[in-house]
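Here's the letter readout for the chains.
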Amino acid sequence: MPQARILALTRSGPSPRLALSLLALASAVWAWEARAQEADSDAASPQAAAGGTEVAGMSAAGAPAAGSETIISHGYSFFGDLKYAADFDHLDYVNPDAPKGGEISEWAQGNFDSFNMYTIQGNATPWGAFPFESLMASTADEATASYCLICETLAYPESLDWVIFTMRPEARFSDGSPLTANDVKFSYDLFMEQGLESYRMAAGGFVTEVEVLDDHRIKFTFAPDSPVRDRIPFAGGISILSQAEFERTGARLDAPSDVPFLGSGPYLVDSWDMGRQVLLRRDDDYWGKDLPINVGRNNFDTIRVEYFADATVALEAFKAGEYTFRNETDPLLWATAYDFPAVQSGQVVREEILNGGVPVAAYWAYNLRRAVFQDVRVREALSLVFNFEWTNATLLYDLYEPLPSFFTNTDMMAVGTPTEGELAILQPLVDDGLLDASILTDEAVLPPESSPDREIDRGNLRRASGLLDEAGWTVGADGLRRNADGEVLRVEILEFSPTFERLTLPYVSNLERLGVDVEFEIVDPAQATQRRDSSDFDMSRWSPGMDFEPGSGLKQWFGSESAAESNRNLPGIQDPAVDRIIDIVVNADTREGMETAARALDRVLRAMRLGVPRWYNPNLWVAYYDMFDHPEALPPFSVGELDFWWYDAEAAAKLQAAGAFQ
C-alpha cells in the first residue's frame, strides 16, 4: 500500500499487510511505496476532499460553535481531492462479487521466536501484526489518501490544530469485546512509553494531548511545531491494541511475545508452529466485513505462511505444492528455475507485474560510526569498484536498472545542478558551514558507469586507487593498503542471505584488487538482526523505502536522533544539514515545496556517499498455482493477492485431482 510517509511503529522489515496489501497499517509502513497519480497542483489546501465532506461550525469539544469552520469528512488527503466520495459502494479495483473460501499459502525466509514486531528484541514474525487495524486505512489506487475504517468521520479545523475521530460503535476486537476510544488512547500512550526509540523520537512531539470525549469519540490536539502534513495521518494510523488484554496479561510492547496480541482485523492468528509456520484464519464475525472499503476483499478462509531457511529449498517446496503462491526476488531463480513441468502445463502461472511504487533504495551501507568511513574519499573509492553493468548482464540477466536516487522515477529525484528552489535551501547551509560549496554547482551524484565486458572497470579502478592514495591509504608490498599508522584498510561485509553470496563476491574480488582486506561473512538472520541493531558491522545491505509524500518517517531513516537505533538509520547518519532539510520537507505546505526540498535532500544524501548503490527491479515477479483469480486490471500500488484476489474452487479441485499440489 502506498501510505508510507507515516512513522514506522515496527522494526525494519517487510510487513505482509502492506507488502501484500490487506488493510493498510498506515503506521507500520516502510518499504512498499507508491507511484502517484498526480493530484491537482493547485489543490494544496489541507481540507481538500471529495463529495461527502461537510464544512460546519463546531467547537474543539465537538459541539457546534458560531464563527468557526470545521471540516467533517470520511477521508483525508493534504494534497488534492479524495478519489472516493462518502457514499462509495466499493473500491474500484475489487470484484464486489468475489467468492469467499479456500486457502492461499506463501513462504517467508528464516524463522521467528516472537509475535511482537514493535520491539527490536527477539526475532519477530511480521505476521503477528496482521490482525491490527487503525482508525484510517489507505487504498491501492491512491498514493497519499486515507479513509475512515474504524472511524466513521473525522473533524478538524483548517489550521489542523486538532482532529476528532468519531468511531464506529460496532467496532470489535476478535474476541468480541468493544473497541473504544479508550483503546485508542491506551495504544497511543503505550507506543509513547514502550515503542521503538526511533518512533518515540520522531513522534514524541506530534501531540500535546489525547482526550477521550466519550466511548466513541477521541480528540488529538497537535503541538504547534509538529509537521502539519503528518498530523492527521499520524493520529489516524496508530495501530490499535486492546487495553483490556494488556492489563489482563501484563504484556509489554518492548519485550518479545510468544503469543500474538489481540487485534480487530478480518484475520486472526489461528495457530502456529514457532519458527516454522503461521496460520491466519478469516474471522467470520469480523465487525467491518460489510463496510464499503472492505467489499470484495479478505476473500480467503485461511492464509498459511511456511518458513524456510533457504530460498532454493523454498522453491523446491513450491514446485512440490507445499504452498501455492510465491513472490520471487532472486533473478537467477526467476530466469532459470521456472521451467518445471507445472509451469509448462499451465498448472502454475508465472507473471511479471509493473511495480508502481517508488523503487526501494537498495545499498550496501557503510557504518559511518567506523573511523575508516569518516573520509568521503574512502567511501567514494569503495563504490567506484562495484560494476553494476557487468553484474546486471552476467548475474542479473539484465532484469534490473541502476539505482540513481533515493526517489528514483519521481519528481523528487535530484537531476543535474540544483534548481533555483534547491539553491534557496542549500545556500544557507553552505553559509553556516554545514555543507561544502560544491553542492551548489556540482551535478547530482550518480552511480559510476562501468564496462559490462569485464568484472572490474579499469578506469574506475584507477580513480578509486587515486582517491585512496589521497586519503592516505597506500599500497604495501603485500598488496594491502595501510594508513600512516600502519593500519590495514580492512572491511567486513555482513550478509544474512545465501542468495546474495554470488551477487556480492565479484564486488569483494574488486575490493581486493583495490588493496582492501575484505571479509564476507554470512550469518543467520537472527544474528544479523542482532548485529545490525547494535551497529556491529562495517557494511551491510540497507533498503530505505521512500514514497510520494515523504514526511516525518525521513527522520527515522536519515535523522541524527535515530542513529543510536540503527534498524532504519543503518549507516548512523548524524548530520545537521540533513536534519534541517528534513524539517523543510516535513513542514512543506505545498506539493511543489515538498518536492523541491526532497530534491535538495536527495542531492545531499547522494553527495554524502552513504554506501554503494546497487540496483532496482522495475517489476514484481509472482508465480502461483492456477486456482486464484483477480480483477483484470490490478491497481497501481499493489499486487494484492492477500487483499482482493479470490479462490477458484473448481480450478483447485482439478489441480488437486491432477496431483499438482499437496
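Before going into details, it helps to say that this report is about the structure given with it.

How each quantity is defined
Chains are numbered independently. Their residues run from 1 in the order of the written sequence. Only residues with pLDDT of at least 70 are given local features in this predicted model, and only at 80 or more are side-chain atom pairs given and counted; all residues enter the totals for whole chains, interfaces and linings. The side-chain numbers reported here are obtained from all heavy atoms of the structure, hydrogens and water having been left aside. Put simply, DSSP H or I for four residues or longer makes a helix, DSSP E for two residues or longer makes a strand, and each gets a number counted from the N terminus. Note on classification: 1.4 Å probe, protein chains only; a residue is buried when its accessible area is under 20% of the maximum for its type, exposed when over 50%, partly exposed between these limits. Only heavy atoms enter the contact rule, under which two residues are in contact if any of them lie within 4.5 Å. Any two strands with at least two DSSP-identified bridges between them are counted as paired. Orientation is described by axes fitted as lines to C-alpha atoms, over the contacting stretch for helices, and by angles from 0 to 180 degrees between their N-to-C directions. Points on a 1 Å grid over protein atoms alone make up a cavity when a 1.4 Å probe fits among them but cannot get out, and a pocket when they form an open set with protein on both sides within 12 Å along at least five of seven lines; lining residues each have an atom within 4 Å of a point. Grid points are joined across faces, edges and corners, and a volume is the space filled by probe spheres set on the points. Charged means Asp, Glu, Lys or Arg here, nonpolar means Ala, Val, Leu, Ile, Met, Phe, Trp, Tyr, Cys or Pro, and polar covers whatever is left, Gly included. Roughly parallel covers angles under 35 degrees, roughly antiparallel covers those over 145, roughly perpendicular covers 65 to 115, and oblique covers all other angles. For a crossing to be left-handed, the near helix must be turned anticlockwise from the far one by less than a right angle; the clockwise case is right-handed. Put simply, buried Ala, Val, Leu, Ile, Met, Phe, Trp, Tyr and Cys residues joined by side-chain atoms within 4.5 Å make one nonpolar core. Call a crossover right-handed when, viewed with both strands pointing away from you, the route from the first strand across the helix to the second goes clockwise. His is not counted, nor are the chain ends, whereas Lys and Arg count as positive and Asp and Glu as negative. By definition, a salt bridge exists where a carboxyl oxygen of Asp or Glu is found within 4 Å of a side-chain nitrogen of Lys or Arg. By convention, a stacked pair of Phe, Tyr or Trp rings (six-membered ring in the case of Trp) has centres within 6.5 Å and planes under 30 degrees apart, an edge-to-face pair has planes over 60 apart, and any other such pair is tilted. Charge-over-ring contacts are defined here by two conditions on Lys NZ or Arg CZ: a distance within 6 Å of the ring centre and an angle within 35 degrees of the ring normal.

Examining the overall build of the chain
- Counting secondary structure elements, the chain contains 18 helices and 27 strands.
- Taking all 662 residues of the chain together, 60% fall into the buried category.
- Of the contacts formed within the chain by residues at least 6 apart in sequence, a portion of 73% connects residues at least 24 apart.

Details of the sheet that holds strand 23 (residues 611–613)
- Overall, mixed pairing links the five strands, which are arranged 21-20-22-16-23 in an open sheet. Whereas interior strands pair on both sides, the edge strands pair on one side only; in this sheet they are strand 21 (517–522) and strand 23. In this sheet, neighbouring strand axes are inclined to one another by 30 degrees on average, regardless of whether the strands run parallel or antiparallel.
- In this sheet, strand 23 lies alongside strand 16 (residues 363–366) in antiparallel orientation, the contact comprising three bridges. From the neighbouring strand, W364 faces strand 23, where its bridge partner is V612.
- The sheet strands contacting helix 13 (residues 501–513) are strand 16, strand 20 (490–495), strand 21, strand 22 (539–542) and strand 23, and the helix crosses strand 21 at an angle near 165 degrees.
- In this fold helix 14 (residues 525–533) packs onto strand 20, strand 21 and strand 22, with an angle of close to 130 degrees to the strand it touches most, strand 20.

Let's talk about the layout of surface pockets
- Approximately 440 Å³ is the volume found for the second largest pocket.
- Residue lining of the second largest pocket: 20 residues in total, with D436, S438, I439, A607 and M608 positioned closest to the centre.
- Counting only elements with at least two residues in the lining of the second largest pocket, the list comes to helix 9 (376–384) and helix 17 (591–608).
- Per-class residue counts for the lining of the second largest pocket are ten nonpolar, one polar and nine charged.

Here's the deal with the packing of helix 16 (residues 576–587) against helix 17
- In contact at an axis separation of 8 Å, helix 16 and helix 17 are set at 160 degrees when each is read in the N-to-C sense. In terms of axis orientation, helix 16 runs roughly antiparallel to helix 17. Between helix 16 and helix 17 lies a crossing whose hand is left-handed. Residues V578, I581, I582, I584 and V585 of helix 16 form the contact with helix 17, whose participating residues are M594, A597, A598, A600, L601, V604, L605 and M608.
- Among the residues making up the contact of helix 16 with helix 17, the classes are represented as 13 nonpolar, no polar and no charged.

Observations regarding the nonpolar core
- Residues F220, L382 and F558 are the most contacted members of the largest nonpolar core, which totals 194 residues.
- Top element by residues in this core is helix 17. It accounts for eight residues.
- Every residue in contact with F220, bar those within four places of it in the chain, is listed here: L135, D161, W162, V163, F165, V184, Y188, V207, E209, V210, A235 and I238.

Structural notes on the pairing of strand 21
- For strand 20 and strand 21, the ladder comprises six bridges, and the chain directions are parallel. From the neighbouring strand, R490 faces strand 21, where its bridge partner is D517.
- Each parallel crossover has a hand, and the one from strand 20 via helix 13 to strand 21 is right-handed.

Some details on helix 9
- Counting buried residues in helix 9 gives seven out of nine residues, a clear majority hidden from the surface.
- The set of residues buried in helix 9 consists of V378, R379, E380, A381, L382, S383 and L384.

What to know about the side chain of D283
- Within the secondary structure, D283 is located in the loop between strand 12 (277–282) and strand 13 (302–308).
- Despite its burial, D283 pairs with no opposite charge, the nearest such side chain being R281 at 5.2 Å.
- Beyond its immediate sequence surroundings of up to four residues, D283 is in contact with S174, G265, P266, Y267 and L268.

Observations regarding the sheet that holds strand 5 (residues 136–137)
- If you trace the three strands from one edge of the open sheet to the other, you get 3-6-5, paired in antiparallel fashion. Bordering the open sheet on either side are strand 3 (75–76) and strand 5, each of which pairs with just one other strand.
- Both strand 5 and strand 6 (residues 146–148) contribute to a ladder of two bridges, which runs antiparallel. Residue pairing for strand 6: M136 is matched across the bridge by C148.

What about the packing of aromatic side chains?
- Tallied over the full model, the rule gives 47 aromatic pairs.
- Ring centres 5.8 Å apart and planes at 85 degrees place the aromatic pair Y400 and W621 in the edge-to-face group. On the criterion of sequence distance, the pair formed by Y400 in the loop between helix 10 (388–394) and strand 17 (401–402) and W621 in strand 25 (residues 619–625) is long-range, its members being 221 residues apart. With respect to class, Y400 is no different from W621; both count as buried.
- Above the plane of the ring of W334 lies R350, whose end atom (NZ or CZ) is 4.0 Å from the centre.
- Of note, R541 hangs over the ring of F500, and the distance from its end group to the ring centre comes to 3.7 Å.

Some details on empty space enclosed by the protein
- This model, assessed by the stated rule, comprises five cavities of 30 Å³ or more.
- Its boundaries defined by the atoms lining it, the largest cavity holds a volume of some 120 Å³.
- Contributions of two or more residues to the lining of the largest cavity are made by helix 17 and strand 23.
- Of the residues assigned to the lining of the largest cavity, the class counts are eleven nonpolar, two polar and two charged.

These values are about where atoms sit, not about what they do.
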